2 protein chains.
Amino acid sequence: MTPIGVGPQQAGRNLDPWFDSYAARTAGLSASEVRALFAVASRPEVVSLAGGMPFVEALPEELIESAFRTMMSEHGAEALQYGGGQGIPQIREMILEVMALEGITDASADDIVTTTGSQHALDLVAKLFLDPGDVVLAESPSYVGAIGTFRSYQADVVHVDIDADGLDPDALSATITRLRAEGRHIKFLYTVANFNNPSAITMSLERRRQILEICRREHILILEDNPYGLLYFDEPAPPAIRSLDADGVIYLGSFSKILSPGLRVGYVLAPHAIREKLILAVESSILSPSTFNQWVVTEYLRQSDWQEQIEEYRGVYRERRDAMDEALREHLPQFTWTKPGGGFFTWLQLSEDLDSKQMLPRAVTELVAYTPGTAFFADGRGHHEMRLSFCFPTPDRIRTGVRRLANVINGELELLDTFRGTTRRTIADTGVVTPPPNIN
Amino acid sequence: MTPIGVGPQQAGRNLDPWFDSYAARTAGLSASEVRALFAVASRPEVVSLAGGMPFVEALPEELIESAFRTMMSEHGAEALQYGGGQGIPQIREMILEVMALEGITDASADDIVTTTGSQHALDLVAKLFLDPGDVVLAESPSYVGAIGTFRSYQADVVHVDIDADGLDPDALSATITRLRAEGRHIKFLYTVANFNNPSAITMSLERRRQILEICRREHILILEDNPYGLLYFDEPAPPAIRSLDADGVIYLGSFSKILSPGLRVGYVLAPHAIREKLILAVESSILSPSTFNQWVVTEYLRQSDWQEQIEEYRGVYRERRDAMDEALREHLPQFTWTKPGGGFFTWLQLSEDLDSKQMLPRAVTELVAYTPGTAFFADGRGHHEMRLSFCFPTPDRIRTGVRRLANVINGELELLDTFRGTTRRTIADTGVVTPPPNIN
Ligand SMILES: Cc1ncc(COP(=O)(O)O)c(C=O)c1O
Ligand SMILES: Cc1ncc(COP(=O)(O)O)c(C=O)c1O
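In this numbering scheme, every chain counts its residues from 1 along its sequence in written order. Chains carry letters from A onward and ligands carry numbers from 1 onward, assigned in written order. In keeping with the predicted nature of the model, local features appear solely for residues at pLDDT of at least 70, side-chain atom pairs appear and are counted solely at 80 or more, and the whole-chain, interface and lining totals rest on all residues. Hydrogens and waters are ignored; side-chain quantities use all the structure's heavy atoms.

Identification of chain A as PLP-dependent aminotransferase family protein from Pseudoclavibacter chungangensis is taken from an unreviewed UniProt entry. Recorded under Cofactor (unreviewed entry), the UniProt text for chain A is reproduced unchanged: "pyridoxal 5'-phosphate". Note on chain A: under the UniProt heading Subunit (unreviewed entry), the record states "Homodimer." UniProt positions are given in the numbering used here, feature names are shortened, and annotations may be inferred rather than shown by experiment.

Rendered as structure tokens:
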């Protein structure tokens, strides 16, 4: 007789003959909520406010074609060959110019390592630093892909509170003190200081100084992840934290958002000793990053007015940000959200009685998708928030999407009201209703 | 006062403020001997028989250009965008045709995952399966890049003896029994069954059956790494081990050697449950493999007579293999080496009194480079062997290189003779012989 109720462990063992062979870390490798959404939201009738795909259609293809032609005629054999683990010197020279726009002017091409997108850099840094049980500090909320990667090395992500100016220094100090009292090893502070994914918040210059000061005092490395810094809509972001400290910051950049993610070219700027280890980690992971793609990016940067192209992208995303903001004002005025100064995302704060994760299937039925806030927390929070992305859909689609979303939310609220009318009063009477916390 | 004799640990700490922050696994991440050689041997006057660079000059650039043009005109926006973690379906369909040439005809495109070269696949499989202290079985000798990657997850590589037909089944059984008696966890058997890097040996069909039989009985997964299978010179390699067993083999392929390594496109064919985890591992590591490069490869495979191009490569490498073999016969007839039936490498067996690692600096001075055998063993063996690669240099350069190598070796032997005749006795008596400094 089959026993009733086979646990997931047992089920896995039955389906997978290699179930007992996996490493302990593999248990922490789970499908992200964003990933599951990619499939659902890819049907054309669904307005997806869920993904983080840049609007590459705004890039004139001729720019890539011309970069490719020069590459083939001038560096063909080299572009088709293996390269060094650090990346080709020519792209690293050009990256200095890109980073200068973020305020980093003291870097050397020698201290840059190119990677397969900045996700790869996150993975390599995690591999170099994280032992099981180590702690990574991160904003609350924080980038889902980074949380997943840190966890895949069996580290714990501990969130630090933020306010409208970014990480809260007092919360940071208190968290460090608490964790150290518990005997935990804090390996680094991971921060997306510019136009954060997902919160859209940018850390002020004063805060950057304060956070840096704390990390120096406590000897905590900073991992500054900056894919969105140049995509500002109103005014430039403050200079990168790395521009204020060369020894205590690992800085990550990417061509995914200012050029194209299909090329998978990102980079790390790191202190010497760490840079050396990163090169070894690249070699161990992929031998060398694609010379082909590095040359395409290099020739693109050499030949095109790439700053003008970034200005182009800014215009596209600014218009979409505005469409999103206006639609939210019109359709969901009872809630709060961030009006992003740059980047790809708006962070919407719902009321405590709404659960963005539970509501998602209904939303998809109504042909709109978003990312539940839970994806961006390692500690189970985020049920009353959602990330809305405005990078890919047109302004019209954004308006349609937000209107549909409002329908879903209002439908849910009506349902709750009916429900309250009968059974829920009891709950309010017992004082369990919490007011919605402010995000900004 | 500075203390005399600062240990490497202490030195590291002084130079690197983050020395105490690294993960335990980072200690195992060391520069490979092959890597150090890349720098030395890249001067044009040095004949390098050291690297593993394919001769991409044999690829008509027009084939890449035309694939690129079709990609941009038909899939431009998609090629510049993020893709799925598993890789684009179109390339996975084409990969079925490539694998069919290796005897794998029962695969589904659903069970393929594309990666950033097959090195990336090695890294992902290692990450999924290897806990610290686990064992990977491998041929003796085995691919340096795989050994390094397995070690970077703190696993131990245990070599199994080979003969002219590949892995020795008795040695395999005995090694498994011994390790299990010691309580060790064997996670998989890593094999380069076709035109092995570095030994050049190909496992016979009978051996494939025997090895598979043992691994099935002992419940040991096989990781079959096959970048060279289609580059045979005389007769095709036997069908892939994967063609004999779909459930117990993870199969790795690569476009690096049959097309171009600069594109960094490789792939894994894995049993369902493992494939699922591999996709998550890709996402955690790089979000998605480059759609740009996957489309270039797809259009190349669709438009070109790619089998004819492989035939072209075979011709180039066959001629070089012959040049190497003839030069060895002429200049170093006193030693033994494999005459490769395919692939990129010859494995030269020196006499016991010669140390290939110690001899390398002298060889480089005499303008020839090779890879010492020690690179291909995790257990310190390989001092009396060397890997000679014939893939990149022209036949003329190969002849020059082998002539120079013979000079170095014969010079070394003469020195040893003199040494033996006159001084060695004394030194042996006092025991003061210092080995020359190691190149690493
Ligand atoms: C904050 C952040 N970091 C890193 C990445 C990874 O980007 P890529 O690997 O394409 O450079 C993303 C992508 O969305 C991101 O939002
Ligand atoms: C046996 C073997 N496996 C894997 C690789 C990695 O190749 P790639 O990552 O370029 O596919 C190599 C490269 O030399 C190799 O010889």
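Asker: Is there a simple way to explain the sheet that holds strand 12 (residues 345-349) of chain B in this structure?
Answerer: Strand pairing in a sheet relies on backbone hydrogen bonds. The paired strands run either parallel or antiparallel. Residue and element names in this part refer to chain B. At least two DSSP bridges between two strands are required for those strands to pair. Secondary structure counts use DSSP, requiring at least four H or I residues in a row for a helix and at least two E residues in a row for a strand, with both numbered from the N terminus. The antiparallel open sheet is built from 4 strands, whose spatial order is 11-12-15-14. Only two strands of the sheet have a single partner each, and these edge strands are strand 11 (336-337) and strand 14 (371-372). Strand direction decides the pairing type here: strand 11 and strand 12, joined by 2 bridges, are antiparallel. For Trp-337, the partnering residue across the bridge sits in strand 12 and is Leu-348.

Asker: Can you walk me through the sheet that holds strand 10 (residues 266-269) of chain B in this structure?
Answerer: Residue and element names in this part refer to chain B. Pairing in this open sheet of 7 strands is mixed, and the strands run 2-10-9-8-7-3-4 from one edge to the other. Looking at which strands have only one partner, the edges of the open sheet turn out to be strand 2 (112-115) and strand 4 (156-160). Put simply, the sheet's adjacent strands are angled 25° from each other on average, direction ignored. Relative to strand 4, strand 3 (residues 135-139) is paired through 5 bridges, and the arrangement is parallel. Where helices are involved, their axes are fitted lines through C-alpha atoms of the stretch in contact, as for all axes, and angles between N-to-C directions lie from 0 to 180°.

Asker: It is not clear to me how the UniProt feature "domain: Aminotransferase class I/classII large" (unreviewed entry) in chain A should be interpreted in this structure. Could you clarify?
Answerer: UniProt's entry tags residues 69-405 of chain A with the feature "domain: Aminotransferase class I/classII large" (unreviewed entry), counted in the numbering of this structure. Note that residues 69-405 of chain A is 43% helix and 16% strand, and that its end C-alpha atoms are spaced 45 Å apart.

Asker: Can you walk me through the pattern of salt bridges in this structure?
Answerer: One side chain can pair with another of opposite charge once the charged atoms of both are near each other. Each salt bridge in this description consists of a side-chain nitrogen of Lys or Arg and a carboxyl oxygen of Asp or Glu lying within 4 Å of one another. Tallied over the entire structure, the rule returns 42 salt bridges over all chains. Asp-163 of chain A is the partner of Arg-207 of chain A in a salt bridge, and the nearest nitrogen-oxygen pair spans 2.8 Å. Remark: Asp-163 of chain A occurs in strand 5 (residues 162-163) and Arg-207 of chain A occurs in helix 8 (residues 205-217); sequence separation between them is 44 residues. Exposure classes here rest on a 1.4 Å probe applied to the protein chains alone. A residue is buried below 20% of its type maximum, exposed above 50%, and partly exposed in between. Here Arg-207 of chain A falls in the buried class, since its relative accessible area comes to 13%. With its nearest N and O atoms 3.0 Å apart, the salt bridge here joins Arg-242 of chain B to Asp-106 of chain B. Of the two residues, Arg-242 of chain B is situated in the loop between strand 8 (221-225) and strand 9 (249-254) and Asp-106 of chain B in the loop between helix 4 (89-100) and strand 2; the sequence distance between them amounts to 136 residues. One salt-bridge network, held together by shared partners, links Asp-111, Arg-275 and Glu-276 of chain A.

Asker: I would appreciate a short explanation of the site of ligand 1 in the present structure.
Answerer: Near ligand 1 there are 16 residues, and of these Asp-225, Ser-254, Ser-256 and Lys-257 of chain A together with Tyr-82 of chain B occur at the shortest range. Whether a residue is near a molecule or strand depends on its heavy atoms: it is near if one of them lies within 4 Å of it. Neighbouring residues of ligand 1 are not confined to one chain but are distributed across chains A and B. We define a polar contact as two N or O atoms separated by no more than 3.5 Å, with the added condition that, inside protein, one atom must be a possible hydrogen donor and the other a possible acceptor, whereas residues neighbouring each other in sequence contribute only through side-chain atom pairs. Here an oxygen atom of ligand 1 sits 2.8 Å away from a polar atom, N or O, in the main chain of Ser-118 of chain A. In isolation ligand 1 offers 400 Å² of accessible surface; the protein chains occlude 97% of this area. Per-residue and other accessible areas follow the Shrake-Rupley method at a 1.4 Å probe size, with only the shown protein chains counted as cover for residues.

Asker: For this particular structure, what's the right way to read the nonpolar core?
Answerer: Where a protein is soluble and globular, its nonpolar side chains tend to be buried together. One finds Phe-255 and Phe-292 of chain A together with Phe-255 and Phe-292 of chain B to be the most contacted residues of the largest nonpolar core, which totals 163 residues. Grouping buried Ala, Val, Leu, Ile, Met, Phe, Trp, Tyr and Cys residues that are joined through side-chain atoms within 4.5 Å yields what is termed a nonpolar core. By size, the runner-up hydrophobic cluster in this structure holds 86 residues, among which are Ala-126 and Val-282 of chain A together with Val-144 and Phe-188 of chain B.

Asker: Hey, could you run me through unusual backbone geometry in this one?
Answerer: A negative phi holds for most residues other than glycine; trans holds for most peptide bonds. Omega for the peptide link from Ser-140 of chain A to Pro-141 of chain A comes to 0°, which places this bond in the cis form. In this fold, Pro-141 of chain A is placed in the loop between strand 3 (135-139) and helix 6 (144-152). Backbone geometry places Gln-154 of chain B, a non-glycine residue, at a positive phi of 65°. Its location among the elements puts Gln-154 of chain B in the loop between helix 6 (144-152) and strand 4.

Asker: Explanation requested: the environment of Asp-234 of chain A in the structure shown.
Answerer: Residues and elements named next belong to chain A. By the secondary structure assignment, Asp-234 is in the loop between strand 8 (221-225) and strand 9 (249-254). Once the C-alpha coordinates of Asp-234 and Leu-212 are considered, the two residues, 22 residues apart in sequence, prove to be 26 Å apart. Any two residues having at least one pair of non-hydrogen atoms within 4.5 Å are treated as being in contact. Excluding anything up to four places from it in sequence, Asp-234 contacts Arg-321, Pro-340 and Gly-341. At 3.2 Å, the side chain of Asp-234 forms a polar contact with the side chain of Arg-321.

Asker: For this particular structure, what's the right way to read the site of ligand 2?
Answerer: Near ligand 2 there are 16 residues, and of these Asp-225, Tyr-228, Ser-254, Ser-256 and Lys-257 of chain B occur at the shortest range. More than one chain reaches ligand 2: the nearby residues come from chains A and B. Within the side chain of Tyr-82 of chain A, a nitrogen or oxygen atom sits 2.6 Å from an oxygen atom of ligand 2. One nitrogen or oxygen atom from the main chain of Ser-118 of chain B is found 2.7 Å from an oxygen atom belonging to ligand 2. Within the complex, 97% of the 390 Å² of free accessible area of ligand 2 lies under protein. Here the shell around ligand 2 gets 3 residues from one element, more than from any other, and that element is helix 5 (residues 117-129) of chain B. The residue classification treats Ala, Val, Leu, Ile, Met, Phe, Trp, Tyr, Cys and Pro as nonpolar and Asp, Glu, Lys and Arg as charged. All others, Gly included, are polar. When the residues that make up the shell around ligand 2 are grouped by side-chain class, the tally is 7 nonpolar, 6 polar and 3 charged.

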